[in-house]
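Okay, here's what each chain looks like letter by letter:
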Amino acid sequence: MCGHFIMVPRDVIELIVRDIEIENHVNVMPDWPARATDAYPGSTVPLVVPCTEGLRVADMTWGYTVSGKSGVVFNARSETALSETSMWRDSLLNRRCAVPAFGFFEPHKTETSISERTGKPIKRQYRFDGPRRLLFLAGIYRNDRFSIMTTAPNAAVEPVHDRMPVVLLEHELPLWFSPDFEHLFDRTGIALAATAQGPDATNMPVIAARPIKPAAPGQQALW
C-alpha cells in the first residue's frame with residue numbers, strides 16, 4: 001500500500017522531463033527536496049504522461065472515484081490489475097503515467113510511536129528513499145485521476161510492510177510506457193533505504209537494502 005509520498009514541484013518535473021527527452025542524466029539540484037510537499041489520497045499532483053510528442057506534465061488528483069463507495073481508491077495491485085474483471089485493466093493497458101517523488105512512506109506492521117497530535121500510540125511510519133532521492137512511482141490514470149501500482153515488497157520494505165509501490169528508475173520509464181511494462185512489477189533489484197519517522201526515532205538506524213539479485217538484461221540495479 002502507498003498512501004503518502006513527497007511530491008515534486010511542477011516546474012522541477014518540467015526540467016526532469018526536458019533532461020529525459022534529450023537523454024541527459026537527471027541531476028537532482030540541492031534545493032529541489034526542500035521545495036517538495038506531502039501528497040495524500042485526494043491531493044492534486046503533477047506527474048508525467050506519454051504523448052505523441054514524447055512526454056508531458058499533467059496535474060491529476062490521486063485516487064479513483066468508485067460509484068457506491070465512499071472515499072477514493074488510490075492503489076492498484078499489479079498481480080490482479082490485468083484480470084478481465086479488474087477496474088484497473090483498461091487504465092493499465094492504455095493509460096500509464098509516472099509520478100516523480102522524493103521518497104514514499106509505509107506504516108510498520110507492528111512497531112508504534114506516539115502521535116504528536118493525539119498523544120496516543122499509532123503505527124510508526126517509515127520513509128523510503130532511493131540512492132539519488134528522486135524516484136518515480138508507476139501509476140495509471142483515468143480522466144483527471146490517477147492511482148499508484150503496488151507490488152510485493154523487496155528486501156528493504158518487507159520488514160516494514162507487506163506491499164510497496166512499483167518504484168521506477170529514471171532509465172526504466174521507456175519500458176513502463178511500452179507494451180512490455182509487466183517486467184517492472186518485480187522490484188526485487190531496487191535499492192532503497194528506510195528511515196523511521198517520529199520524534200522518538202532520532203537514534204534509530206537507517207535500514208538499507210541493496211539489490212539481492214541482478215537486474216534484468218538491459219536494466220541497471222542502481223541509478
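Residues numbered from 1 in each chain as written. Predicted model: local features only at pLDDT ≥ 70, side-chain atom pairs only at ≥ 80, totals over all residues. Heavy atoms only, no water.

Side note on the nonpolar core
Piece 1. Counting 35 residues, the largest nonpolar core has Ile 16, Leu 92, Phe 136, Met 149, Leu 168 and Trp 176 as the members making the most contacts within it.
Piece 2. Elements that contribute at least two residues to this core include exactly α1 (10-21), β4 (54-62), β6 (96-114), β8 (135-142) and α4 (173-176).
Piece 3. With 5 residues, the top contributor of residues to this core is α1.
Piece 4. Counting residues in hydrophobic clusters, the runner-up holds 32 residues, among them Val 49, Tyr 126, Met 164 and Ala 194. (Core = buried A, V, L, I, M, F, W, Y, C linked by side-chain atoms within 4.5 Å. Buried < 20%, exposed > 50% of the residue type's maximum accessible area, 1.4 Å probe, protein only. Helix = DSSP H or I, 4+ residues; strand = E, 2+ residues; numbered from the N terminus.)

Section: the confidence of the model for the protein
Piece 1. In the predicted model, the protein carries a mean pLDDT of 88, and 90% of its residues have values of at least 70.
Piece 2. The low-confidence segment residues 212-223 (pLDDT under 50) makes 33 contacts with residues lying over four places distant or belonging to another chain. (pLDDT = per-residue confidence, 0-100. Contact = heavy atoms within 4.5 Å.)

Section: the side chain of Asn 154
Piece 1. Along the chain, Asn 154 turns up in the loop between β9 (145-151) and β10 (164-165).
Piece 2. Assessed through its relative accessible area of 5%, Asn 154 is described here as buried.
Piece 3. At a separation of 3.2 Å, a polar atom in the side chain of Asn 154 contacts the main-chain carbonyl oxygen of Arg 187.
Piece 4. When sequence neighbours within four positions are dropped, the list of residues in contact with Asn 154 reads Met 164, Arg 187, Thr 188, Ile 190 and Leu 192. (Polar contact = N/O pair within 3.5 Å; in protein donor to acceptor, adjacent residues only side chain to side chain.)

Quick word on the state of the cysteines
Here a disulfide denotes a covalent bond joining the sulfur atom of one cysteine to the sulfur atom of another.
Piece 1. Tallying each qualifying case throughout the model produces 0 disulfides.
Piece 2. Note on Cys 2: no disulfide assigned, nearest cysteine sulfur contributed by Cys 97 at a separation of 13 Å.
Piece 3. Given the relative accessible area of 0%, Cys 2 is considered buried.
Piece 4. Judged by relative accessible area, which is 0%, Cys 97 ranks as buried. (Disulfide = S-S within 2.5 Å.)

As for α1
Piece 1. Relative to the 16 Å expected for 12 residues at 1.5 Å per residue, α1 spans 16 Å between its end C-alpha atoms, a close match to the ideal helical length.
Piece 2. Val 12, Ile 13, Ile 16, Val 17, Asp 19 and Ile 20 are the residues of α1 that are buried. Buried residues of α1 fall within an arc of 160 degrees about the axis and therefore sit on the same side.
Piece 3. On the buried face of α1, the contacting elements are α2 (32-35), β3 (44-51), β4, β6, β8 and α4.
Piece 4. Taken from the residues just after α1, Glu 23 is the one with a positive phi, measuring 60 degrees. (Expected span 1.5 Å × (residues − 1). Arc of directions from axis to C-beta.)

Topic: the packing of aromatic side chains
Piece 1. Taken as a whole and assessed by the stated rule, the structure comprises 8 aromatic pairs.
Piece 2. Measuring from centroid to centroid gives 4.8 Å for Tyr 64 and Trp 88, while their planes differ by 55 degrees, and the two rings are tilted. Here Trp 88 lies in the loop between β5 (75-77) and α3 (89-94) and Tyr 64 lies in the loop between β4 and β5, a separation of 24 residues in the sequence. The residues Tyr 64 and Trp 88 share a single accessibility class, namely buried. (Phe/Tyr/Trp six-rings, centres within 6.5 Å; stacked < 30°, edge-to-face > 60°.)

Focus on the pairing of β4
Piece 1. Here β3 runs beside β4; their pairing, made up of 8 bridges, is antiparallel. Opposite Val 49, over in β4, you have Arg 56 as the bridge partner.
Piece 2. Across 2 bridges, the pairing between β4 and β9 is parallel. Along β9, the bridge assignment pairs Thr 61 with Arg 145. (Pairing = 2+ DSSP bridges.)

Digging into the pattern of salt bridges
Between side chains of opposite charge, a pair can form as their charged atoms come close.
Piece 1. Inspection of the entire model under this criterion finds 12 salt bridges.
Piece 2. A salt bridge links Arg 163 to Glu 79; the shortest N-O distance between them is 2.8 Å. One end of the pair, Arg 163, is in the loop between β9 and β10; the other, Glu 79, is in the loop between β5 and α3, and 84 residues separate them in sequence.
Piece 3. Classification of Glu 79 as partly exposed rests on a relative accessible area of 44%.
Piece 4. Ionic pairing is found between Asp 90 and Arg 95, a salt bridge with its closest N-O pair at 2.9 Å.
Piece 5. For Asp 90, a relative accessible area of 43% puts it in the partly exposed group. (Salt bridge = Lys/Arg side-chain N within 4 Å of Asp/Glu carboxyl O.)

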